[in-house]
Amino acid sequence: MRTAIAVAISAALLVGLSAGVEAGQTCIAKATEALPRITGLVVKKSRTRPVSPEILASWKGQSRPIIVDVDVDSAGEAQTYSYMCVITQGSAFVQRTMN
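So, here's what we can say about the structure. In this text, all values refer to a predicted model and were calculated from it rather than measured experimentally.

Examining the overall build of the protein chain
Scanning the protein chain from terminus to terminus reveals two helices and four strands. The N-to-C order of helical and strand elements in the protein chain reads α-β-α-β-β-β. Burial statistics for the protein chain: of 99 residues in total, 22% are counted as buried. Considering only contacts in the protein chain between residues 6 or more positions apart, those separated by 24 or more positions represent 46%. By element, 59% of the accessible surface of the protein chain is carried by carbon and sulfur atoms, the whole surface being about 7,100 Å².

Now the structure itself:
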């Protein structure tokens, strides 16, 4: 019985983790699409991180937002674009942040 409970808990955790990975990948793809159209712009790296506690304190949405950072290089100049992303009904919505 304990083994069955342990397996059930492990399976639930794996499903939760894979859903988070899928959401992160969806948000990264959407943020990359939202980058400015600049000739020679090259994406070097992207990552997700949680939003700040200040944003969460005032957040009224049902889905928990994340921040997507996209590191790019354009004409030898490195920049990072940050977007707040929310998954709603399977679709990602991104908005650029200034942090």
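Further notes follow.
With respect to the sheet that holds strand 3 (residues 77-88)
In spatial order, the strands read 1-2-3-4; together these four strands make up an open sheet with antiparallel pairing. With one partner strand each, in any of the chains shown, strand 1 (42-50) and strand 4 (91-97) form the two edges of the open sheet. For this sheet, the mean inter-axis angle between neighbouring strands, taken without regard to orientation, is 30 degrees.

Let's talk about the state of the cysteines
Evaluation of the coordinates by the stated rule reveals one disulfide. Between C27 and C85 runs a disulfide, and the two sulfur atoms are separated by 2.0 Å. Taking the sign of the S-S torsion, -75 degrees for the link of C27 and C85, the bridge is left-handed. Taken together, the positions of C27 in helix 1 (residues 2-33) and C85 in strand 3 put the pair 58 residues apart, joining distant regions of the chain. Here the two residues C27 and C85 agree in accessibility, since each one is buried.

Side note on the pattern of salt bridges
Opposite charge on two side chains allows them to pair when their charged atoms are near. Applying the stated rule across the entire model yields three salt bridges. When the shortest N-O distance is used, the salt bridge between D69 and R47 registers 4.0 Å. Placement of the pair is D69 in strand 2 (residues 66-74) and R47 in strand 1, with a sequence separation of 22 residues. For D69, a relative accessible area of 5% translates into the label buried. Salt bridges linked by common partners bring R47, R49, D69 and D71 together as one network.

So, the pairing of strand 4
Both strand 3 and strand 4 contribute to a ladder of seven bridges, which runs antiparallel. Bridged to S82 within strand 4 is T97. Here strand 3 hands over to strand 4 after two residues, with Q89 in that stretch at a positive phi of 50 degrees.

Cut-off values and rules
Residues numbered from 1 in each chain as written. Predicted model: local features only at pLDDT ≥ 70, side-chain atom pairs only at ≥ 80, totals over all residues. Heavy atoms only, no water. Helix = DSSP H or I, 4+ residues; strand = E, 2+ residues; numbered from the N terminus. Buried < 20%, exposed > 50% of the residue type's maximum accessible area, 1.4 Å probe, protein only. Contact = heavy atoms within 4.5 Å. Areas by Shrake-Rupley, 256 points an atom, 1.4 Å probe, with all protein chains shown as cover. Pairing = 2+ DSSP bridges. Axes fitted to C-alpha atoms, helices over the stretch in contact; angles between N-to-C directions. Disulfide = S-S within 2.5 Å. Salt bridge = Lys/Arg side-chain N within 4 Å of Asp/Glu carboxyl O.

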